[in-house]
Amino acid sequence: MRTFTQGLCMQKNILTVFLLLLSWVACRKEQAQVEISAPLPYPLEIPKGMPQMQIPADNPLTVEGVALGRKLFYDPILSGDRTQSCSSCHRQEAAFSDAGKRFSVGIKGLNGSRNAHAIINTGFLSRLFWDGRALGLEAQILEPVPNPLEMNLSWKEAGVRLNADESYRKEFFQAFGINTIDSTFVAKAIAQFLRTLISADSRFDKRLRNELNLSAEELNGYVIFNTERGDCFHCHPADGGRLFTDNRFHNNGLDSVFTDKGLFSISGNPADMGKFLTPTLRNIAFTAPYMHDGRFATLEEVIEHYNRGGIASPSTDPLMKNVGKGLNLTAKEKADLLAFLHALSDSNFVKNKNFSSPF
Ligand code: HEC
Ligand code: HEC
């Protein structure tokens with residue numbers, strides 16, 4: 001059992017003896033100590049076949065922390081003009097992507113320069129963002145709040161707002177035993193929530209659990225995907241964790257001149273020009289448009305890109321083996337590959353009530 005001192009005792013600006021007396025009475029009342037029990041460990045279930053999640057030792061998942069992170073994810077209190085939350089650009093029905101938009105719109109109506117990721121199984125990834133600049137969820141979450149093109153709220157002001165809110169003060173105390181809220185703990189709470197956003201219940205997963213059979217088209221699509229015929233599996237592996245991303249950087253042959261330089265903008269190494277982290281393909285049918293700049297509106301267009309083999313440049317990945325010659329898939333093979341990509345949709349993930357807004 002720990003104790004939490006409820007309420008702030010502000011004595012600034014009190015000018016009369018009468019007010020001083022009143023505030024003294026109020027403070028005595030508000031400083032009542034309440035007994036609060038230690039947070040409960042959150043029972044995170046890692047589906048069979050997926051890797052162990054590397055959870056930082058100083059941020060174990062708790063029931064209280066996850067609930068608090070979920071509330072913060074959906075609360076516009078974290079944006080400058082209180083109109084935008086994380087969920088404005090990461091919508092559950094779109095597998096936590098900003099479906100339909102090439103570039104998401106921040107609070108000042110300004111466009112960002114990249115397509116918002118779907119947030120799926122990110123707890124398993126060691127690097128985040130298209131250019132991999134964040135080395136973990138806690139670090140990643142510090143970015144969107146003060147970003148002028150996104151939520152545009154300084155962390156200082158976010159702290160002032162949250163510390164002035166009695167329910168947040170209580171919830172942060174319950175989750176972390178702290179009396180003063182700051183960016184570190186906001187990031188910890190949201191990271192806990194994001195680690196629970198696990199998707200592993202698609203038709204593909206059900207097939208692996210022997211709960212159903214894939215259709216002949218889906219099965220053939222899987223064979224194309226997972227062999228040299230389509231050659232998708234090197235970068236979007238279905239095996240070895242079932243994440244459909246290797247969480248590595250590749251230039252998949254989109255361009256020869258690079259407006260967005262990707263990893264190069266972080267490393268400065270010419271070999272990294274136009275390299276981006278491979279995104280997961282889970283729930284891909286819900287997250288159009290596609291690629292870091294949302295250039296492809298449909299999955300058919302994506303398949304056509306790979307079918308043509310991609311564009312050669314000094315940094316085009318050696319795993320794009322068909323540059324210049326193309327895959328030459330038949331219409332039937334393209335349709336089957338598409339059917340397989342649709343078999344990665346997890347309708348329970350996009351409807352799961354535990355992930356939806358608590359407001
Ligand atoms: C204005 C729209 C917008 C808002 C609001 C926003 N994001 Fe994002 N988010 C993006 C964009 C765009 C990217 C990709 C940026 C990049 O890679 O450079 C992204 C990327 C991410 C990623 C990386 C996923 C991956 O696989 O690498 C995570 C996690 C994430 N956002 C979480 C959050 C959280 C948590 C919040 C709230 C604190 C938030 N976002 C608010 C637009 C937004
Ligand atoms: C050399 C590695 C590599 C190979 C091979 C590869 N991909 Fe990709 N894929 C990537 C990378 C990297 C991106 C992100 C590129 C970007 O946005 O600039 C990507 C993006 C995608 C996207 C868009 C995802 C999103 O969220 O926007 C789809 C869909 C996709 N790939 C499907 C496939 C299919 C199907 C195949 C096989 C025909 C394939 N990929 C082969 C590396 C690869």
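This one's a predicted model, so the numbers in the text were calculated from it and none came from an experiment.

Draft legend 1. Focus on the coordination of the iron atom of ligand 1. You will see that the iron atom of ligand 1 has only one donor from the protein, H90 (NE2), lying 2.1 Å away. Locating H90 in the fold gives a position in the loop between α3 (86-89) and α4 (137-141).

Draft legend 2. View of the site of ligand 1. Surveying the vicinity of ligand 1 reveals 26 residues, the closest of which are C86, C89, H90, F129 and W130. At a separation of 3.0 Å, an oxygen atom of ligand 1 approaches a polar side-chain atom of R114. Where the shell around ligand 1 is concerned, the elements lending two or more residues are α3, α4 and α7 (183-195). Of the residues contributing to the shell around ligand 1, the split by class is 15 nonpolar, 8 polar and 3 charged.

Draft legend 3. Inspection of the site of ligand 2 at higher detail. Around ligand 2 lies a shell of 23 residues, among which C232, C235, H236, H292 and Y306 are the nearest. Note that a nitrogen atom of ligand 2 is positioned 2.9 Å from one of the side-chain N or O atoms of H236. Here an oxygen atom of ligand 2 sits 2.6 Å away from a polar atom, N or O, in the main chain of H292. The leading source of residues in the shell around ligand 2 is helix α11 (residues 299-308), at 3 residues.

Draft legend 4. The arrangement of the domain arrangement of the protein in detail. As assigned here, the protein comprises domain 1 (49-199) and domain 2 (203-343). Measuring from the centre of the C-alpha atoms in domain 1 to the corresponding centre in domain 2 gives 27 Å. For the pair domain 1 and domain 2, the two sides together bury roughly 2,100 Å², of which 59% comes from carbon and sulfur. Here domain 1 is connected to domain 2 by 1 salt bridge. Across the salt bridge formed by R114 and D260, the nearest N and O atoms sit 2.7 Å from each other. Remark: the boundary between domain 1 and domain 2 carries 9 residue pairs in polar contact (both at pLDDT 80 or more). For the side of domain 1 that touches domain 2, a count of residues per class yields 13 nonpolar, 8 polar and 7 charged.

Draft legend 5. Structural view of the coordination of the iron atom of ligand 2. Every protein donor of the iron atom of ligand 2 is accounted for by H236 (NE2) and Y306 (OH), and the metal-donor separations fall at 2.0 to 2.1 Å. In this structure, the iron atom of ligand 2 is coordinated by 6 donor atoms arranged in octahedral fashion, with angles at the metal of 86 to 179 degrees. Of this pair, H236 sits in the loop between α9 (216-225) and β3 (249-250) while Y306 sits in helix α11, and the two are 70 residues apart along the sequence. Judged by its relative accessible area of 24%, Y306 falls in the partly exposed class.

Draft legend 6. Region of interest: the pattern of salt bridges. Tallied over the entire structure, the rule returns 23 salt bridges. For the salt bridge of R161 with E157, the shortest nitrogen-to-oxygen distance reads 3.4 Å. Of this pair, R161 and E157 both sit in helix α5 (residues 155-163), 4 residues apart, roughly one helical turn. The buried category is assigned to R161, whose relative accessible area is 10%.

Draft legend 7. Main features of the side chain of H250. Within the fold, H250 resides in strand β3. Looking at H250, its side chain comes within polar contact range of the side chain of D246, at 2.6 Å. If we skip the residues at most four places from it in the chain, H250 touches C235, G274, K275, F276, T278, D317 and L319.

Draft legend 8. Geometry of the packing of aromatic side chains. Considering all chains together, one arrives at 15 aromatic pairs under this definition. Between F96 and F349 the ring centres are 5.7 Å apart and the planes differ by 75 degrees, which places this aromatic pair in the edge-to-face class. In this pair, F96 sits in the loop between α3 and α4 while F349 sits in helix α13 (residues 347-351), placing the two residues 253 residues apart along the sequence. Here the aromatic cluster, defined as three or more aromatic residues joined through ring pairs, consists of F73, Y74, F96, F193, F349 and F355. Geometry around Y168 places K71 over its ring, the cationic atom sitting 4.2 Å from the centre.

Draft legend 9. Broad picture of the confidence of the model for the protein. Put simply, the protein has an average pLDDT of 91, and 90% of its residues get 70 or more. The low-confidence segment residues 7-32, where pLDDT is below 50, has 18 contacts with residues more than four positions distant or belonging to other chains.

Draft legend 10. Looking closely at α5. Among the residues of α5, W155, A158, G159, R161, L162 and N163 are the ones counted as buried. For α5, the secondary structure elements touched by its buried residues are α2 (63-74), α4, α6 (166-176) and α7.

Draft legend 11. Broad picture of unusual backbone geometry. A cis geometry characterises the amide bond from A288 onward to P289, with omega recorded as -5 degrees. Tracing the backbone through its elements, the reader meets P289 in the loop between β4 (276-277) and α11. Despite not being glycine, R242 has its phi angle at roughly 55 degrees, a positive value. Mapped onto the elements, R242 comes out in the loop between α9 and β3.

Draft legend 12. Summary view of the nonpolar core. Grouped together as the largest cluster of nonpolar side chains are 44 residues, with contacts concentrated most on L72, F73, L78, F172, V186, I190 and L194. Tallying contributions element by element places α7 first for this core, with 8 residues. Filtering out sequence-adjacent residues up to four positions away, L194 remains in contact with F73, I119, T122, L137 and I141. In terms of nonpolar packing, the next biggest core, distinct from the first, is built from 22 residues, L254, L281, M291 and L344 among them.

Reading the values: rules and limits
Residues numbered from 1 in each chain as written. Chains lettered and ligands numbered in written order. Predicted model: local features only at pLDDT ≥ 70, side-chain atom pairs only at ≥ 80, totals over all residues. Heavy atoms only, no water. Donors = N, O, S within 2.8 Å, 3.2 Å for Na, K, Ca; no water. Helix = DSSP H or I, 4+ residues; strand = E, 2+ residues; numbered from the N terminus. Near = heavy atom within 4 Å. Polar contact = N/O pair within 3.5 Å; in protein donor to acceptor, adjacent residues only side chain to side chain. Nonpolar A, V, L, I, M, F, W, Y, C, P; charged D, E, K, R; others polar. Domains from an automatic or database assignment. Buried area = accessible area lost by both parts, 1.4 Å probe. Salt bridge = Lys/Arg side-chain N within 4 Å of Asp/Glu carboxyl O. Tetrahedral: all angles 85-135°; square planar, octahedral: opposite > 155°, others 65-115°. Buried < 20%, exposed > 50% of the residue type's maximum accessible area, 1.4 Å probe, protein only. Contact = heavy atoms within 4.5 Å. Phe/Tyr/Trp six-rings, centres within 6.5 Å; stacked < 30°, edge-to-face > 60°. Lys NZ or Arg CZ within 6 Å of the ring centre and 35° of its normal. pLDDT = per-residue confidence, 0-100. Core = buried A, V, L, I, M, F, W, Y, C linked by side-chain atoms within 4.5 Å.

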